[in-house]
Amino acid sequence: MYLNHENGNGLGFPLLNPFPSRISFNKPRTNNIMSSHPKPSFGFLLLFLSVQPLIHCLSTDALPPPTVCIVGSGIGGSSVAHFLRHYFRPTPSQPNPPNIEIFERRSVVGGRMATVTIGGETFEAGASILHPKNYHARNYSKLLGLKVKPPPSSEDDDSMSLGIWDGKKFVFKTLEVDSKFPWVQKIVSYFNSFQMFFRYGFSLLKMNNFVESTVDSFLKYYESPERRPVFETVDEMLKWAGLYDLTTRTLQDELIHIKMSPLMIEELVTVITRINYGQSVSISGLAGAVSLAGSGGGLWAIEGGNYQMAAGLIKISNVSLHINEEIESISHLGEYYELNSTKGNSYSCDVTVVATPLDEVNIQFTPSVSIPARKLQHTHATFVRGILNPAYFGLRTVAEIPELVGTLEDPDIPFSSISVLMQHDENDVTYKVFSREPMTDALLDSIFSARLQTVRINWGAYPHYKAPEVFAPFILDGQHLYYVNAFENAASTMETSAVAAENVARLILSRYFREAHLHSSNSKLKSKIADADTLRTNL
C-alpha cells in the first residue's frame, strides 16, 4: 500500500539508473591501429565518482529487511502492521521495509470482531459499536472505502425504547409509540427526556461531563507524533494523557465523588456497564467512563461487519498471512525469535508482537515472561429468532416489552440485557441476549414464546476490571517482544486496541529502526490520516 509509488522500486525512492542512456557503451573504433584508446570524458568521471558511494551503500551496507511476526489478526495485530507501513521511512542503511507475518489460529481474521448470520441477515456478534470520536477507526473506514451505518436501534440510545428490569418488574420504562409521523416521534422523545430527567435529575449532566472530560483526555493520543512521546509502559502512557488516576479507583467511587445520585448509579449506570462490559459499577473508573461513552448518540458501525477493518488493513499492508496456524511457543535465540506453530512449522523473526490476550492462550515463552495475573470476563451472546414471552415480564403483549431490556446487578437475574436487532414481522424478531453464564434451552423457552433459530457464542471478551489496575508491560522481555493487549487493563474497545497498536508500532521503529523517522513517506496517505487538530476543528 504505502510502498507502491508510481515510479519506484517499493523502497520509497525512485529507481536509479547509474548509466544514463546518453552515455554510449559502443566499442571504440579500432580501424587505425595507430590510434590511441579514446579517453573517458570528464563528465563521465564525475558521474561515476558520484554514483559509486550510493552503489556501495545499496549493495554492501544495506541491511536485509527484518521480519516482524505478529500473533493475532484482530484490530490490534492488523493496526500494528498498518502503522509499521505508515511510519516506516527508508534510510541508506535500511532502505527495505520489514517483512510482516501475521499468524491467526482461527479460519478467519478479525479477532473479537465477528459476525453471525440469522435468517439470512448478518449481525455483529462481537465488538459492535464505534464512538463518533474513534478517529483511528473512522480513518480506517475512509482509507479502505468501507461504508458506515448506524447500529441497530436498540444499541443507539437516540432511538431505542428502554426498560430497566429488576427481576420482577420494570422499575423504569420509556414511552414507545408506533407512528409514521415525525412530529409524533419528536413529542415522544421530549416526553422520554423529561421522564429521564424527572427520575435522575442533574445526575444526567454530571455523567455527561464525566464522560466528556475523559474523552477529551483520550484525544491527546491523536496528536501528531512530533508532539507525542513513544511509551514503553501503559502506566506512563496513561499518566501522560491524565487518565492514570481513573484506573486506581472504581467507577462507583468516581461517580460518588462527583455527587451522582445513588439511584442513577444503581439503575442507569449499572445497566450500561452490564451491557458494555458484563460487569458492575465496581469496575475501574476509566473502563467505566469508556463504557458510558458507548451509550451516547452518534454511534456507528461498518456495514457488513466491523471485522472488515482488520481484513482490509492486512490486505493493504503487504502482509504474509497464516490462517489456521496457532503459535504454541516463542523462543528468544539471541539474535532472533523462533516461533513454532501447532502445524509443526518454525519461523525466524527479528521482532515479535503478541496481539492477542495471553490470558487464555497456551503460548510457551523461552525465556519465560512475567505479566500480572488477569482473568477475562466472558460474555455469552445468544442470538434468537423468535418472539419474547410477555408473561415472563409480567406483561400482556409483546408490544409492551421495550426494545432494550437492561437489568440491575442481581445474581438471580439470568441475563444482562435483551435487545431487538431486527423485526421481520409482528411475530418474528431477531434478538441478542447478553449473559454472564450460558443460556440453557429451558431458560430460553421460559423467556421466549417461540424460537425459530438460536445461535450461541462464548466470548472471552475483555478483562475482568478491578481497581487499582496493574498493567503488563508493552515490552515483555526488554528486547523486541511486544504485547499490544497490555493496554486492555485500562479499557477494551476496538479503538483503544488501535491506539495501543499505534504506540507499539512506533515503539518498534524507535527501538529497532533507530534511524527511521516516525513520519509517513506517502503524502497521499498522510492526507487521508487526518491530524487530531483538524478533526477537532471539524467537530
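For the structure, see preceding data.
The structure contained in this document is the topic of the report that follows. These numbers were taken from a predicted model, which means no experiment stands behind them.

### A look at the overall build of the protein chain
1) Next: Regarding its fold elements, the protein chain presents 14 helices and 20 strands.
2) Next: Counting all 539 residues of the protein chain, 50% fall into the buried class.
3) Next: Once local pairs closer than 6 in sequence are excluded, the contacts in the protein chain between residues at least 24 apart make up 74%.
4) Next: If you sum the accessible surface of the protein chain, you get close to 25900 Å²; carbon and sulfur atoms cover 54% of it.

### Details of the pattern of salt bridges
1) Next: Scanning the model with the defined rule gives 13 salt bridges in all.
2) Next: Between Arg451 and Asp441 there is a salt bridge, and its shortest N-O distance comes to 3.6 Å. With Arg451 in strand β19 (residues 448-463) and Asp441 in helix α11 (residues 441-447), this residue pair connects regions lying 10 residues apart in the sequence.
3) Next: When its relative accessible area of 24% is taken as the criterion, Arg451 is described as partly exposed.
4) Next: One salt bridge connects Asp441 with Arg456, and the closest N-O pair in it is separated by 2.6 Å. Here Asp441, found in helix α11, pairs with Arg456, found in strand β19; they are 15 residues apart in sequence, far enough to count as distant.

### Some words on the sheet that holds strand β12 (residues 346-349)
Two orientations exist for strands paired in a sheet by backbone hydrogen bonds: parallel and antiparallel.
1) Next: Read from one edge of the open sheet, 4 strands run β12-β11-β10-β14, paired in mixed fashion. The sheet is open, and its two borders are formed by β12 and β14 (364-366), each paired with just one other strand. Adjacent strand axes in the sheet meet at a mean angle of 15° when their direction is disregarded.
2) Next: As paired elements, strand β10 (residues 327-332) and strand β11 (residues 337-341) share 5 bridges and run antiparallel to each other. Looking at β11, one finds that Ile330 is bridged to Leu339.

### Regarding helix α2 (residues 75-87)
1) Next: Taking 1.5 Å per residue as the helical rise, α2 with its 13 residues ought to reach 18 Å, and the 18 Å between its terminal C-alpha atoms agrees with that figure.
2) Next: Where burial is concerned, most of α2 is hidden: 13 out of the 13 residues are buried.

### Quick look at the environment of Lys220
1) Next: With respect to the helices and strands, Lys220 occurs in the loop between α5 (203-218) and α6 (234-241).
2) Next: Considered as a pair, Lys220 and Gly242 are 22 residues apart in the sequence and their alpha carbons are 9.3 Å apart.

### Some remarks on the state of the cysteines
Disulfide: a covalent bond connecting the sulfur atoms of a pair of cysteines.
1) Next: Enumeration according to the criterion identifies 1 disulfide in this entry.
2) Next: Residue pairing for Cys69: its cysteine sulfur links by disulfide to Cys349, the two sulfurs lying 2.0 Å apart. Because the torsion about its S-S bond is -75°, the bridge between Cys69 and Cys349 counts as left-handed. Of the two residues, Cys69 sits in strand β1 (residues 67-71) while Cys349 sits in strand β12, which places them 280 residues apart along the sequence. The burial state of Cys69 is the same as that of Cys349; both residues are buried.

### Section: a nonpolar patch on the surface
1) Next: Residues Leu175, Val177 and Phe191 make up a contiguous nonpolar surface patch of roughly 220 Å² in combined accessible area.
2) Next: Tracing the sequence through the fold places Phe191 in helix α4 (residues 182-200).
3) Next: The class for Phe191 is partly exposed, based on a relative accessible area of 38%.

### Description of the sheet that holds strand β2 (residues 99-104)
1) Next: The 5 strands are arranged β9-β2-β1-β13-β20 in an open sheet whose pairing can be described as parallel. Only two strands of the sheet have a single partner each, and these edge strands are β9 (319-323) and β20 (481-483). For this sheet the average axis-to-axis angle between neighbouring strands, irrespective of direction, equals 20°.
2) Next: Docked against the sheet, helix α12 (residues 494-511) engages β13 (351-354) and β20, running at close to 160° with respect to β20.

### A few points about the packing of aromatic side chains
1) Next: This model, assessed by the stated rule, comprises 22 aromatic pairs.
2) Next: Between Phe83 and Tyr87, the ring centres sit 6.0 Å apart and the planes meet at 20°, which makes this aromatic pair stacked. Within this pair, Phe83 and its partner Tyr87 are both found in helix α2, separated by 4 residues, close to a single helical turn.
3) Next: Residue Tyr87 is classed as buried on the basis of its relative accessible area of 7%.
4) Next: Ring centres of Phe231 and Trp240 lie 5.5 Å apart, and the angle between their planes is 55°; on these two criteria the pair is classed as tilted.
5) Next: By relative accessible area, which is 5% here, Phe231 ends up buried.
6) Next: Judged by its relative accessible area of 22%, Trp240 is partly exposed.

Rules used in this analysis
Residues numbered from 1 in each chain as written. Predicted model: local features only at pLDDT ≥ 70, side-chain atom pairs only at ≥ 80, totals over all residues. Heavy atoms only, no water. Helix = DSSP H or I, 4+ residues; strand = E, 2+ residues; numbered from the N terminus. Buried < 20%, exposed > 50% of the residue type's maximum accessible area, 1.4 Å probe, protein only. Contact = heavy atoms within 4.5 Å. Areas by Shrake-Rupley, 256 points an atom, 1.4 Å probe, with all protein chains shown as cover. Salt bridge = Lys/Arg side-chain N within 4 Å of Asp/Glu carboxyl O. Pairing = 2+ DSSP bridges. Axes fitted to C-alpha atoms, helices over the stretch in contact; angles between N-to-C directions. Expected span 1.5 Å × (residues − 1). Disulfide = S-S within 2.5 Å. Patch = residues over 30% accessible without salt bridge, like charges linked within 9 Å, V, L, I, M, F, W, Y side chains within 5 Å. Phe/Tyr/Trp six-rings, centres within 6.5 Å; stacked < 30°, edge-to-face > 60°.

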